[in-house]
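# Architecture at a glance
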Amino acid sequence: MLKLAVLVSGQGSILKAMIEEGLQISLVIADRECRGLTIAKDAGIPYELVLRKDFTETFDRVDYTKQVLAKLRGDNIDLVAMAGFMTVFEWPMFEADAYAGKILNTHPSLLPSFKGEHAVADALEYGVKVTGCTIHRATIDLDAGPILAQEAVRVLDRDTVETLWERIKEVERTLYPLTIRRLMLA
Ligand code: GRF
């Protein structure tokens, strides 16, 4: 059985869905204090806070990446699922002897449309009538790795960023755990 780690920064509703789906999670890592950490604690899952104190342009992304990498290696993690993790990793994570091809992400748009952290707002602003979510392998190029699964969500006339994002997350909460389970069994 592959050892799975989940990385969070925020609400952790997708982490919660993974737990409820019965996925075996060996480690949760957060880059800040967040509800996702509390969910891990409450579920009795080992967790680590690799605190990102620096949000300026001088943030040492390579050093931070190495700190997270050390935790993953220390626990012999095989597969990493980012679930609302808001720090972008640098090259040490994507080396062949690190986690190349073994990091998954869920993104709240139909990639390659609307990459980046404002995906839902950007889709709404553009006026698309259909958006959705994408489960993909993360690579050094942000939101551009091989796609594993996608599902569409219709945009309603009355949608705000909040209402649209919540409907996208509802889909992510089912599609992401299922995709991970498929990979873990393969
Ligand atoms: C998801 O929409 C994910 O695609 C995005 O952040 C959200 C995480 O939600 N990157 P939560 O913290 O699991 O509730």
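Computed from a prediction, not measured in an experiment: that's the story for all the values here.

## Section: the site of the ligand
In the vicinity of the ligand, the residues found are Gly10, Gln11, Gly12, Ser13, Ile14, Gly84, Thr106, His107, Pro108, Trp165, Lys169 and Glu172. A distance of 2.7 Å separates an oxygen atom of the ligand from a polar side-chain atom of Lys169. When the free accessible area of the ligand is taken as 370 Å², the share hidden by the protein chains comes to 91%. A majority-of-atoms criterion places the ligand in the largest pocket. Ranked by the residues each element gives to the shell around the ligand, the list is headed by helix H5 (residues 161-185), at 3 residues.

## Points about the sheet that holds strand S7 (residues 147-154)
Within the open sheet, the 7 strands sit side by side as S3-S2-S1-S4-S5-S6-S7. Their pairing is mixed. The two strands at the open ends of the sheet, each matched to only one other strand, are strand S3 (47-49) and S7. Sheet twist, expressed as the mean angle between neighbouring strand axes with direction ignored, is 15 degrees. By the bridge criterion, 3 bridges tie strand S2 (residues 27-30) to S3 in an arrangement that is parallel. Pairing of Ala30 across the sheet is with Leu49, part of S3.

## Description of the pairing of S2
Burial along S2 is two-sided: the residues Leu27 and Ile29 and Val28 and Ala30 are all buried. Bridge count between strand S1 (residues 4-8) and S2: 4 bridges; the pairing is parallel. Its bridge partner being in S2, Leu7 is matched across the sheet by Ile29. Assessed by its sense of winding, the connection that carries the chain from S1 through helix H1 (residues 13-20) to S2 is right-handed. Between the parallel elements S2 and S3, the chain passes through helix H2 (residues 35-42) in a crossover that is right-handed.

Reading the values: rules and limits
Residues numbered from 1 in each chain as written. Predicted model: local features only at pLDDT ≥ 70, side-chain atom pairs only at ≥ 80, totals over all residues. Heavy atoms only, no water. Near = heavy atom within 4 Å. Polar contact = N/O pair within 3.5 Å; in protein donor to acceptor, adjacent residues only side chain to side chain. Areas by Shrake-Rupley, 256 points an atom, 1.4 Å probe, with all protein chains shown as cover. 1 Å grid on protein atoms, 1.4 Å probe; cavity = no way out; pocket = protein on both sides within 12 Å on 5 of 7 lines; lining within 4 Å. Sits in = over half its atoms within 2 Å of the grid points. Helix = DSSP H or I, 4+ residues; strand = E, 2+ residues; numbered from the N terminus. Pairing = 2+ DSSP bridges. Axes fitted to C-alpha atoms, helices over the stretch in contact; angles between N-to-C directions. Buried < 20%, exposed > 50% of the residue type's maximum accessible area, 1.4 Å probe, protein only. Right-handed = clockwise from strand over helix to strand, strands pointing away.

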